[in-house]
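Descriptive structure summary
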Amino acid sequence: MTAFALSDGNSFYCSCERVFDPKLERRPVIVLSNNDGCAVARTAEAKALGIKMGHPYFQIKELCELNGVAALSSNYALYGDMSRRMNDIYGRFSPATEVYSIDETFLDVDDIPVAKRAQWASDLRSTTKQWTGIPTCVGIGPTKTLAKLANKSAKTLSSGVLDLTDPREQQRVMADFPVGDVWGIGRASLAKLATEGIEFAGQLRDLEPKRARALMTVVGEKIVHELNGRPCMELESVAPQRQGCAVTRSFGQRVTTKPAMEQAVAGYAARLGEKLRQHGLATNHVTVFMHTSQFADGEPRRNVSMTIDLPEATNDTMALIRAAKRAVDGLWKSGFRYSKAGIITQDLVPPELSQRSLFDNLDHAKAAKVMAAMDKANLRWGRATVVPAAVGLASQSAFSTKFEKRSPRYTTRWDELPLCH
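Parameters at a glance
- Residues numbered from 1 in each chain as written.
- Predicted model: local features only at pLDDT ≥ 70, side-chain atom pairs only at ≥ 80, totals over all residues.
- Heavy atoms only, no water.
- Helix = DSSP H or I, 4+ residues; strand = E, 2+ residues; numbered from the N terminus.
- Rg over C-alpha atoms; globule rule 2.2 N^0.38 Å.
- Buried < 20%, exposed > 50% of the residue type's maximum accessible area, 1.4 Å probe, protein only.
- Contact = heavy atoms within 4.5 Å.
- Areas by Shrake-Rupley, 256 points an atom, 1.4 Å probe, with all protein chains shown as cover.
- Lys, Arg positive; Asp, Glu negative; His and termini not counted.
- Charge placed at Lys NZ, Arg CZ, Asp CG, Glu CD.
- Salt bridge = Lys/Arg side-chain N within 4 Å of Asp/Glu carboxyl O.
- Core = buried A, V, L, I, M, F, W, Y, C linked by side-chain atoms within 4.5 Å.
- Disulfide = S-S within 2.5 Å.
- Domains from an automatic or database assignment.
- UniProt positions renumbered as here; feature names shortened; annotations may be inferred.
- Pairing = 2+ DSSP bridges.
- Axes fitted to C-alpha atoms, helices over the stretch in contact; angles between N-to-C directions.
- Phe/Tyr/Trp six-rings, centres within 6.5 Å; stacked < 30°, edge-to-face > 60°.
- Lys NZ or Arg CZ within 6 Å of the ring centre and 35° of its normal.

A few points about the overall build of the protein
Along its length, the protein carries 13 helices and 12 strands. For the protein, the C-alpha radius of gyration of 24 Å lies close to 22 Å, the compact-globule estimate for 421 residues. With the C-alpha coordinates of the protein rotated into their principal frame, the extents come out at 65 × 60 × 45 Å. Per-residue burial for the protein yields a buried fraction of 46% across its 421 residues. The long-range fraction of contacts in the protein, counting pairs at least 24 apart against all pairs at least 6 apart in sequence, stands at 67%. As presented, the protein carries roughly 22,000 Å² of accessible surface, and 52% of it is formed by carbon and sulfur atoms. Within the protein, the 46 negative side-chain charges are centred at a point lying 5 Å from the centre of the 55 positive side-chain charges.

Right, dumping it as structure tokens:
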């Protein structure tokens, strides 16, 4: 019988911070989003104070100060490296894994006898904690959805492990498991299920699959099958090809001039080209957006976007920058203080599968060599060491996200290694 395990790091970002700063242990901790805007990770102690996910920091700053809450900027370099270390451990425990997110990984447990799975999961947790310092919970089930549900329920158990292989255990847990916490059930689906009187996962499991499809499309039907122990999703040990890519940033300071916006968006286009080349993909259209802050009382608000079609699919930075600047030219309107912008693309394809434009006079071989040389230099000496003139150099720091409360990048920067005194 097919079986999956899902292991995830508890309050992962906060736990990473606690590993290197023991003073944070048992203290309420939150990690903030870009520009220290909102709470995106919270420890149990912070949740007990009423701090919600996505809570704007300026609204809870006084609460944090009064209750000794450690509010830290996101430290993505640290979190990414700790995630890599955890997955190295998972690879020792399972022949196949799927990294679902930075803190969640599915593991194949088919070959582990049912009677030994709980002990296997306990060993996985203890090894991960001992080797990385990150506490985890592990859920096991015959489908990914049940493994996800088991993982959620395991967070309430002292063992941190729950195996839902047994149908009777599935029935017991799903009887009072909120349907809104089932993997794949969003707000729209939750509202539709409410009209059917469905409040708990057990009720959703018993819903006729065709009715689930009528309410929530084929996704809802698959969820019902998965809750009944019938797998509809395989383990993806090889990541699927990207369908889209985006580079978005909140500005460190408001952008109020068109040249500044052009330079910022050119920088994002350059980063987009770099990402596309890393994955061997290209795009034939880009969407540029810009907007003001929703929290800036008394200031005029604006939220606009524009899609620019390219003559052929490309990952050439120069072509992407030209398209991005055309979008800015079409969107720009003075009199606003823009807080964020970005560039997004979808429907990515390998460059060799793209049809060439009849009227394009670009020397593709030469352009590819230029991009390869630029990527090689940036890989060796650091990102943005070599950039097109449209991106600028020193000026890019003005558009960078603020991380005023960021802890050191302990594991990836020699000059930020922890020291013993």
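Let's talk about the pattern of salt bridges
On inspection of all chains with the given rule, the structure shows 19 salt bridges. Lys 23 is the salt-bridge partner of Asp 21, the closest N and O atoms lying 3.3 Å from each other. Shared partners join several salt bridges into a network, and the residues in it are Asp 81, Arg 84, Arg 85 and Asp 88.

Description of the nonpolar core
Core analysis: the largest hydrophobic core is formed by 34 residues, its most contacted members being Phe 251, Met 261, Leu 272, Val 288, Met 290, Tyr 338 and Ile 343. If you list the elements that add at least two residues to this core, you get strand S9 (244-255), helix H11 (258-278), strand S10 (283-292), strand S11 (303-314), helix H12 (317-331) and strand S12 (338-346). Per element, the largest residue contribution to this core is 9 residues, and it comes from H11. Leaving out residues up to four positions away in the same chain, Ile 343 has contacts with Cys 245, Ala 246, Val 247, Thr 248, Tyr 268, Ala 269, Leu 272, Val 286, Thr 287, Val 288, Phe 289 and Ala 324. Counting 29 residues, the second largest nonpolar core, distinct from the first, contains Ala 5, Cys 16, Leu 78 and Tyr 410.

What to know about the state of the cysteines
Each disulfide consists of a covalent bond between the sulfur atoms of two cysteine residues. Tallied over the full model, the rule gives 0 disulfides. The thiol of Cys 14 is not disulfide-bonded; the next cysteine sulfur, from Cys 16, is found 9.1 Å away. For Cys 14, a relative accessible area of 0% corresponds to the buried category. Among the cysteines around Cys 64, which has no disulfide bond, Cys 14 carries the closest sulfur, lying 11 Å off.

Side note on the domain arrangement of the protein
For the protein, the assigned domains read domain 1 (7-142), domain 2 (166-240) and domain 3 (244-391). Between domain 1 and domain 3, the C-alpha centre-to-centre distance is 32 Å.

Brief notes about the UniProt feature "domain: UmuC" (unreviewed entry) in the protein
If you check UniProt for "domain: UmuC" (unreviewed entry), the listed places come out as residues 4-186 in our numbering. Helix makes up 42% of residues 4-186 and strand 20%, with an end-to-end C-alpha separation of 23 Å.

So, the sheet that holds S10
Spatial strand order, S9-S12-S10-S11: 4 strands in an open sheet with antiparallel pairing. Only two strands of the sheet have a single neighbouring strand rather than two, namely S9 and S11. The mean inter-strand angle of the sheet, taken between neighbouring strand axes irrespective of direction, is 15°. Note that S10 and S11 share 8 bridges and pair antiparallel. Directly across from Phe 289, in S11, lies its bridge partner Ser 305. The sheet strands contacting H12 are S10, S11 and S12, and the helix crosses S11 at an angle near 150°.

Re the pairing of strand S3 (residues 39-42)
Pairing of strand S2 (residues 29-32) with S3 involves 3 bridges; the strand directions are antiparallel. Paired with Ile 30 across the two strands is Arg 42, which belongs to S3. Between S2 and S3, which follow one another and run antiparallel, lie 6 residues, and Asn 35 among them has a positive phi close to 60°.

Quick word on the packing of aromatic side chains
All told, the structure shown has 12 aromatic pairs when counted by the stated rule. Aromatic side chains Phe 20 and Tyr 410 sit 4.6 Å apart centroid to centroid with 10° between the ring planes, which places their arrangement in the stacked category. Here Tyr 410 lies in the segment after helix H13 (364-381) and Phe 20 lies in helix H1 (residues 12-20), a separation of 390 residues in the sequence. Its relative accessible area of 24% is what places Phe 20 among the partly exposed residues. Aromatic side chains Phe 336 and Tyr 338 sit 6.1 Å apart centroid to centroid with 45° between the ring planes, which places their arrangement in the tilted category. Among the residues examined, Phe 336 registers a relative accessible area of 13% and is labelled buried. By way of ring pairs, the aromatic residues Phe 12, Tyr 13, Tyr 76 and Tyr 79 are connected into one cluster. Cation over ring: Lys 144 sits above Phe 106, and NZ or CZ is 5.0 Å from the ring centre.

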